[in-house]
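# Structural description and commentary
Listed below, chain by chain, are the residues.
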Amino acid sequence: TLGMDHDADDAVLGLAVANGRLYMVGEFNQMGTSTRNQCAAVDLTTGALTTWNPNTTGTVRTVIADGSNVYIAGDFLQVGGVTRRFLAKVNGTSGTLDPWDPFPVGNTIRAIALVGDTIYVAGDFSTIGAEFREDLVALDVNTGLATSWAPTCDGVINAMVVQDPYRMGHHA
């Protein structure tokens, strides 16, 4: 038992675990008695709220943690006082914004999934990663540029699950 007592003052919409931390994102502004604008993290060993605080302005719908990086996505317009629309990479310890910026043009990011050096992004956008991509894209995690994968999407995607292609159809 962690003994955590960190009540959010509004909805928690996404969770991710990495490096001994539970990352939480959503619509909240307070976590317990601490100000955490839409993003917070708890140490899984102690149960203590960490200092991780990207400080976004707007709802964060989803989160993925990968090693030292945490990707957040949603309806926000700023991270740490810097303009960053809908999708950002932040440091998993400090919450500091990374310069990586695929610059989505649209209204929101609803889902993200990470496979190796590719982040799959779904939402309501028309351009992202310097390419026209309607609502669904694969981005290079190092450059933020769209890959050559260019699917057609004619509806809203609210969630994604990525399956290892080498294990698809495999029965042990």
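Residues numbered from 1 in each chain as written. Predicted model: local features only at pLDDT ≥ 70, side-chain atom pairs only at ≥ 80, totals over all residues. Heavy atoms only, no water.

Here the protein averages 90 in pLDDT, and 92% of its residues register 70 or above. Scored below 50 in pLDDT, residues 166-172 shows one contact in the model against residues more than four places distant or in partner chains. (pLDDT = per-residue confidence, 0-100. Contact = heavy atoms within 4.5 Å.)

This structure, assessed with the given rule, holds three aromatic pairs. Aromatic side chains tyrosine 71 and tryptophan 100 sit 5.5 Å apart centroid to centroid with 80° between the ring planes, which places their arrangement in the edge-to-face category. Here tyrosine 71 is found in strand E7 (residues 69-74), whereas its partner tryptophan 100 is found in the loop between strand E10 (87-91) and strand E11 (105-115), with 29 residues between them in sequence. For the pair shown, tyrosine 71 and tryptophan 100 are each scored as buried. (Phe/Tyr/Trp six-rings, centres within 6.5 Å; stacked < 30°, edge-to-face > 60°. Helix = DSSP H or I, 4+ residues; strand = E, 2+ residues; numbered from the N terminus. Buried < 20%, exposed > 50% of the residue type's maximum accessible area, 1.4 Å probe, protein only.)

Right, let's get into the pattern of salt bridges. Enumeration over the complete set of coordinates arrives at two salt bridges. With a closest N to O distance of 2.9 Å, arginine 61 and aspartate 75 form a salt bridge. Here arginine 61, found in strand E6 (residues 60-66), pairs with aspartate 75, found in the loop between E7 and strand E8 (78-79); they are 14 residues apart in sequence, far enough to count as distant. Arginine 84 is paired through a salt bridge with aspartate 101; the nearest N and O atoms lie 3.3 Å apart. Of this pair, arginine 84 sits in the loop between strand E9 (82-83) and E10 while aspartate 101 is found in the loop between E10 and E11, placing the two residues 17 residues apart along the sequence. (Salt bridge = Lys/Arg side-chain N within 4 Å of Asp/Glu carboxyl O.)

What follows covers unusual backbone geometry. Excluding glycine, a negative phi dihedral is what most residues carry, and trans is how most peptide bonds are arranged. Residue asparagine 19 is not a glycine yet carries a positive backbone phi of 50°. Within the secondary structure layout, asparagine 19 lies in the loop between strand E1 (12-18) and strand E2 (21-26). By relative accessible area, asparagine 19 is classed as exposed at 58%. At aspartate 135, a position not held by glycine, the phi torsion is positive, near 75°. Summarising the element assignment, aspartate 135 is placed in the loop between strand E13 (131-132) and strand E14 (136-140). By relative accessible area, which is 11% here, aspartate 135 ends up buried.

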